[in-house]
Amino acid sequence: MPGKQLIILAHGGAGSDNAHSDGTDRACLIGLKLLQAQTPALEAACRAVEILEDDPRFNAGTGSRKRTDGSVRMDAACMDSNQRFGAVSALQHIKNPIHVSRAVADSKYRLLTGEDAHQYAVELGFEKVDMTRVESNAPGTDTVGAVVFDGSQFAAALSTGGTGGSRPGRVGDVPLIGCGLYAGEHGAVCATGHGESITLNLTAYRTYEMLGRGVTPQEALEAALSWFEDA
Ligand code: ASP
């Protein structure tokens, strides 16, 4: 009997340096090993993103960039084709926001924000980290994401420190369902780039919807990119 088809893809953000692709390769290899050990898609996607959150070269988790007031706020979200979705925004001082979003997906809530999201993470025992030591506020968009197929379910996971140098209070596309990410029976989509444009285009959901109409992933990608030509 042929084995199940397993797929995992990860990105290190629209602005990332290709020299950092060893980081995304590593995240995919670890995620693939989990899939081969029957780990569900959502867990494998979140674990791949955790690897990238822990890699300081990327703008997520401990590598997050500073805002104009010197603070760090992180957004993360995850979703699978089982209709599970969870997100956090403006989270501070938690090492792996992606796992907090995963916990939200199992709760009766869909999005928790700010101090209260931090409190939720602390109550659940998530590891804290001192984000006041973050050094860079470079305007990078090298945030992280992964899409996974485990042979039956699709999943997407996304995590960001936002766009460096943005004003306090700014939240981008990452924690917004259908904007930064979407997953359903036809596939999983993760976006990266200018969060406001991604949000205005409902990028992830409209791309997913094309997959549902039988458009190939390559054609769907090209169509989605054309929405940004004037951005
Ligand atoms: N989309 C992210 C945001 O605007 C940034 C990125 O993808 O790098 O927060």
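The present account deals with the structure reproduced in this document. Throughout this description, residue numbers start from 1 for each chain and increase along the sequence as written. This being a predicted model, a pLDDT of at least 70 is required before a residue's local features are given, and a value of 80 or more before pairs of side-chain atoms are given or counted; all residues contribute to the totals for chains, interfaces and linings. With hydrogens and water excluded, all non-hydrogen atoms of the structure serve as input to the side-chain values.

**Comments concerning the overall build of the protein chain**
- Runs of H or I in DSSP of at least four residues are treated as helices and runs of E of at least two as strands, each being numbered from the N terminus. A count of helical and extended segments in the protein chain gives seven helices and eight strands.
- C-alpha atoms define the radius of gyration in this analysis, and the globule rule sets the expected value at 2.2 Å times the number of residues to the power 0.38. In terms of overall size, the protein chain behaves like a compact globule, its C-alpha atoms giving a radius of gyration of 16 Å where 231 residues would be expected to give roughly 17 Å.
- A principal-axis box enclosing the C-alpha atoms of the protein chain has dimensions of 55 × 45 × 40 Å.
- Buried, partly exposed and exposed residues are distinguished by accessible area as a fraction of the type maximum, computed with a 1.4 Å probe on protein chains only: under 20%, between the cut-offs, and over 50%, respectively. Burial status across the protein chain gives 54% buried among its 231 residues.
- By definition in these notes, contact holds between two residues if any of their heavy atoms fall within 4.5 Å. Within the protein chain, contacts between residues separated by at least 24 positions form 65% of all contacts whose residues are at least 6 apart in sequence.
- Accessible area of the protein chain: about 10,800 Å², with a carbon and sulfur share of 52%. Only the protein chains shown count as cover for residues, and the accessible areas themselves come from Shrake-Rupley with a 1.4 Å probe.

**Quick word on the nonpolar core**
- Cys-78, Val-88, Ile-98, Val-100, Val-148 and Ala-157 are the most contacted members of the largest nonpolar core, which has 34 residues in total.
- Of all the elements in the fold, those that place two or more residues in this core are α1 (21-36), α2 (41-53), β2 (74-80), β3 (85-91), α3 (97-105), α4 (114-123), β5 (144-149) and β6 (154-160).
- Apart from residues lying up to four places away in sequence, Ile-98 is in contact with Cys-46, Val-49, Glu-50, Glu-53, Ala-76, Ala-77, Cys-78, Ala-157 and Leu-158.
- As used here, the term nonpolar core means buried Ala, Val, Leu, Ile, Met, Phe, Trp, Tyr and Cys residues forming a set that is joined through side-chain atoms within 4.5 Å. By size, the runner-up hydrophobic cluster in this structure holds 21 residues, among which are Phe-154, Ala-183, Ala-188 and Ala-204.

**A closer look at the sheet that holds strand β1 (residues 7-11)**
- Here, strands pair whenever DSSP counts at least two bridges between them. One open sheet accounts for six strands, arranged β1-β5-β6-β2-β3-β4; its pairing is mixed. Every other strand in the sheet has two partners, leaving β1 and β4 (111-113) as the edge strands with one partner each. The sheet shows a mean angle of 5 degrees between the axes of neighbouring strands, direction not considered.
- The sheet contacts of α2 involve β1, β2, β5 and β6, and relative to β6 the element is tilted by about 25 degrees. As a rule, the C-alpha atoms of each element are fitted with a line to give its axis, helices using only the stretch in contact, and angles between N-to-C directions run from 0 to 180 degrees.

**A few points about the state of the cysteines**
- Note on terminology: disulfide denotes any pair of cysteine sulfur atoms within 2.5 Å. For the coordinates displayed, the defined rule picks out zero disulfides.
- Cys-46 forms no disulfide, and the closest cysteine sulfur to it belongs to Cys-78, at a distance of 4.1 Å.
- We note that Cys-179 lacks a disulfide partner, and the nearest cysteine sulfur, in Cys-190, lies 13 Å from it.
- Owing to a relative accessible area of 6%, Cys-179 belongs among the buried residues under this scheme.

**Digging into the environment of Leu-42**
- As for its position among the elements, Leu-42 is in helix α2.
- Residue classification places Leu-42 among the buried residues on the basis of a relative accessible area of 1%.
- When sequence neighbours within four positions are dropped, the list of residues in contact with Leu-42 reads Cys-78, Met-79, Asp-80, Arg-84, Arg-102 and Ala-155.

**Regarding empty space enclosed by the protein**
- A pocket, in this scheme, is an open set of points on a 1 Å grid over the protein atoms alone with protein on both sides within 12 Å along at least 5 of 7 lines, while a cavity is a set where a 1.4 Å probe fits but cannot get out; residues line either one if an atom lies within 4 Å of a point. Grid points are joined across faces, edges and corners, and a volume is the space filled by probe spheres set on the points. With the rule as written, the count across this model stands at one cavity of 30 Å³ or more.
- Counted as a void, the largest cavity has a volume near 110 Å³.
- Thr-143, Thr-160, Asp-173, Val-174 and Gly-193 are, among the 14 residues lining the largest cavity, the residues nearest its centre.
- Tallied by class, the residues present in the lining of the largest cavity amount to two nonpolar, nine polar and three charged. Residues were grouped as follows: Ala, Val, Leu, Ile, Met, Phe, Trp, Tyr, Cys and Pro as nonpolar; Asp, Glu, Lys and Arg as charged; and all remaining residues, including Gly, as polar.

**What about the packing of helix α6 (residues 203-212) against helix α7 (residues 217-226)?**
- Packing of α6 against α7 leaves a shortest axis separation of 9 Å and a crossing angle of 145 degrees. Where α6 crosses over α7, the two elements pack in a sense that is right-handed. For the pair α6 and α7, contact is made by Thr-207, Met-210 and Leu-211 and by Pro-217, Ala-220, Ala-223 and Ala-224, respectively.
- Across the contact of α6 with α7, the residue classes break down as six nonpolar, one polar and no charged. In this scheme the handedness of a crossing depends on how the near helix is turned from the far one: anticlockwise by less than a right angle means left-handed, clockwise means right-handed.

**Focus: the pairing of β2**
- In terms of residue burial, β2 counts as a mostly covered element, since seven of its seven residues are buried.
- With burial as the criterion, each face of β2 is covered, one bearing Met-74, Ala-76, Cys-78 and Asp-80 and the other bearing Asp-75, Ala-77 and Met-79.
- Pairing between β2 and β3: five bridges, direction antiparallel. Residue pairing for β3: Met-79 is matched across the bridge by Phe-85.

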